[in-house]
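Each chain, written out:
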Amino acid sequence: MPGLVSCPGGLIVIGILTLSFVHINSEIWSNEVSDIQFGSLGSNVTLICGGVQHGRSPVHWWQNGSSVRFRQPHTSSSTLVLLNTTHSMEGNYSCHNQRGVLLQTIRLRLGHPPGYLSVSCRVPNHFKVQCSWTQRVTTYLPTKYITTYSVSDEKPQPCEQELIDVNECIISNPQFWKPKYLVNITEVNPLGSNSTITFVDLAKTLKPDAPDTVTCVEVGGEPTQLLVQWNLPKSWPADPAAFPLKFELQYRPVGSNLWSKLETENTSVMIMDALVGHLHHIRVRAQDAFINHSQWSEWSQVVQARPWSDPLLNTEEPTQEFYENPVFPSTFPVKATEKSPDSTFDENGSMSLLIALGLFAAVMVAVVSAITILLWVRNRRRDNVTKQELTSMVKMKSLPI
């Protein structure tokens, strides 16, 4: 039986299939995006159909399979000018000749050029500086970042980006005796580039992570004591002698607004003046012990504990108390003064007492007034007698002897 290739009919079939395949293949490749063009939002963007030779007739433009409506009149037979571009003008553009033959496809993406970044750097220990950043201006375009740092006049060194998709870089083993670092983060996209430079003072930026695994337990037989323990931050060096931390512990009875404070360089401390029978809140934070102008860490998670209480004395479960006003812990019982059985005044007795006092005051005023008048009359009479005696003596002296 002769093969398919050996007969003329078979050759015709193979030729038809081959031509069909070539046509389909060319159709697939022609529909793919051959060029990507970037433009700035709000500006005018010009698309050029590269498949048109000089002097040919104008081309027809399509966007995402539809005829282009927003356009500027042709400045040449092969260009399309888009005015005041918006996001709705993005997409796949294609240019065709008058016979409908596809000449070129262009994918248009619109966005903004890079702007300044919001950069934040933290120093969680003596061996690492972590810098992260976010865009202040959303560019809507593919972006990459070039991160470097420099110390004094030295050559810039790379700030390592461990993950490409995470906007963070790390400086390992910084030199604390050269505390002033300049971190340069350059944002690059198809419309340009822009650099943001950040000054980092290692000593002032040093901020440990919060202490880890804070626990608080009662002390048997001690109704006013609580034992608080914690671990160093996981990111801090494990050698406390070489890199010591100091800690601040705060505690208060539940419901109080005032915190009591203790400081230590150990990872445990004993609270000696807890409020008897009350639930307490406790939290801890850390700071580098050598660099006093470094930053305190964030507070640890608040833990709760209640001091030991004698089960023989407390038959009932102590209730949690809440105070509207700040209170200070006190271990001394307060005894209220007993009230009198009858603390009200007798109205009739009070009225009689007031009348008696009024009469007494009136009598005293009258007596004082009378005495005053009698003394004044007596003095007046004495003055008159003295005047008469003087007059008689004068007359006697004037008589002749």
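Residues numbered from 1 in each chain as written. Predicted model: local features only at pLDDT ≥ 70, side-chain atom pairs only at ≥ 80, totals over all residues. Heavy atoms only, no water.

S.K.: Help me understand the overall build of the chain, please; the structure alone is not making it clear to me.
M.R.: Scanning the chain from terminus to terminus reveals 3 helices and 21 strands. Burial status across the chain gives 30% buried among its 401 residues. Restricting to contacts in the chain with at least 6 residues of sequence separation, those with at least 24 account for 63%. (Helix = DSSP H or I, 4+ residues; strand = E, 2+ residues; numbered from the N terminus. Buried < 20%, exposed > 50% of the residue type's maximum accessible area, 1.4 Å probe, protein only. Contact = heavy atoms within 4.5 Å.)

S.K.: How should I be thinking about the sheet that holds strand S11 (residues 157–158) in this particular structure?
M.R.: Sheets are built from strands paired through backbone hydrogen bonds, the pairs being either parallel or antiparallel. In space, the 4 strands of this open sheet follow the order S11-S10-S13-S14, with antiparallel pairing throughout. The open sheet is flanked by S11 and strand S14 (192–201), the only strands paired with a single partner. Of the strand pairs in this sheet, strand S10 (residues 144–151) and strand S13 (residues 180–189) are connected by 8 bridges, and their pairing is antiparallel. Looking at the pairing, Tyr149 lines up with Val183 of S13. (Pairing = 2+ DSSP bridges.)

S.K.: Is there a simple way to explain the state of the cysteines in this structure?
M.R.: In a disulfide, the sulfur atoms of two cysteines are held together by a covalent bond. All told, the structure shown has 3 disulfides when counted by the stated rule. Put simply, Cys49 and Cys95 are joined by a disulfide, and their sulfur atoms are 1.9 Å apart. When the S-S torsion is 70°, as for the bridge of Cys49 with Cys95, the disulfide is right-handed. Here Cys95 lies in strand S6 (residues 91–96) and Cys49 lies in the loop between strand S2 (45–48) and strand S3 (60–63), a separation of 46 residues in the sequence. Note on accessibility: Cys49 and Cys95 belong to one class, buried. Two residues, Cys121 and Cys131, share a disulfide whose sulfurs are 2.0 Å apart. For the disulfide bridge between Cys121 and Cys131, the dihedral angle about the S-S bond is near 110°, and by the sign convention the bridge is right-handed. (Disulfide = S-S within 2.5 Å.)

S.K.: I tried to follow unusual backbone geometry on my own but got confused; where do I start?
M.R.: Leave glycine aside and you will find that most residues have negative phi; peptide bonds, for their part, are mostly trans. Even without a glycine there, the phi angle at Asn173 is positive, about 50°. Residue position: Asn173 is located in the loop between strand S12 (168–172) and S13. Owing to a relative accessible area of 56%, Asn173 belongs among the exposed residues under this scheme. Backbone geometry places Thr213, a non-glycine residue, at a positive phi of 55°. If you trace the backbone, Thr213 turns up in strand S15 (residues 212–219).

S.K.: Would you explain the pattern of salt bridges in this entry?
M.R.: Here the structure, examined in full by the defined rule, presents 4 salt bridges. Taking the shortest distance from any N to any O, the salt bridge between Arg122 and Asp209 comes out at 2.6 Å. In this pair, Arg122 sits in strand S8 (residues 117–125) while Asp209 sits in the loop between helix H2 (202–205) and S15, placing the two residues 87 residues apart along the sequence. Exposure remark for Arg122: the relative accessible area of 34% places this residue in the partly exposed category. Note that Glu248 is salt-bridged to Arg285, the shortest N-O span being 3.2 Å. One end of the pair, Glu248, is in strand S17 (residues 245–253); the other, Arg285, is in strand S20 (residues 280–288), with 37 residues separating them in the sequence. (Salt bridge = Lys/Arg side-chain N within 4 Å of Asp/Glu carboxyl O.)

S.K.: I tried to follow the environment of Glu162 on my own but got confused; where do I start?
M.R.: Position of Glu162 among the secondary structure elements: in the loop between S11 and S12. Take Glu162: its relative accessible area is 63%, and that puts it in the exposed class. Beyond its immediate stretch of four places on either side in the chain, Glu162 contacts Glu168 and Ile170.

S.K.: For this particular structure, what's the right way to read the side chain of Asn194?
M.R.: Examined against the element boundaries, Asn194 turns out to sit in strand S14. Polar side-chain contacts of Asn194 include one of 3.2 Å to the backbone oxygen of Gly115. With sequence-adjacent residues up to four places away left out, Asn194 is seen in contact with Pro114, Gly115, Tyr116, Ile185, Thr186 and Glu187. (Polar contact = N/O pair within 3.5 Å; in protein donor to acceptor, adjacent residues only side chain to side chain.)

S.K.: Explain the nonpolar core here, please?
M.R.: Inside soluble globular proteins, nonpolar side chains tend to come together where they are buried. Among the nonpolar cores identified, the biggest contains 39 residues, and Val183, Val228, Trp230, Leu249, Ile271 and Ile282 are the most heavily contacted of them. Of the residues forming this core, the biggest block, 4 residues, is contributed by S17. Setting aside its immediate chain neighbours within four residues, Ile282 contacts Cys216, Val228, Leu249, Gln250, Tyr251, Ile271, Gln301, Val302, Val303 and Ala305. Core analysis: the next-biggest nonpolar cluster, separate from the first, contains 15 residues, Leu41, Cys49, Leu80 and Tyr93 among them. (Core = buried A, V, L, I, M, F, W, Y, C linked by side-chain atoms within 4.5 Å.)

S.K.: When you look at the packing of aromatic side chains in this model, what are you seeing that I'm missing?
M.R.: The relation between two aromatic rings is expressed through the spacing of the ring centres and the mutual angle of the planes. This model, assessed by the stated rule, comprises 4 aromatic pairs. Look at Phe127 and Phe243: their rings are 5.3 Å apart centre to centre, the planes differ by 70°, and that puts the pair in the edge-to-face class. In this pair, Phe127 sits in the loop between S8 and strand S9 (128–135) while Phe243 sits in the loop between strand S16 (222–231) and S17, placing the two residues 116 residues apart along the sequence. Relative accessible area serves as the criterion here: at 38%, Phe127 is assigned to the partly exposed category. Look at Phe243 and you get partly exposed, because its relative accessible area is 22%. (Phe/Tyr/Trp six-rings, centres within 6.5 Å; stacked < 30°, edge-to-face > 60°.)

S.K.: Would you take a moment to explain the sheet that holds strand S1 (residues 35–40) for this structure?
M.R.: Here we have 5 strands laid out as an open sheet, ordered S1-S7-S6-S3-S4, and mixed in their pairing. With partners counted over all chains shown, the strands left at the sheet margins are S1 and strand S4 (66–67), one partner each. When S6 meets strand S7 (residues 102–111), the two strands line up antiparallel, connected through 6 bridges. Along S7, the bridge assignment pairs Gly91 with Leu108.

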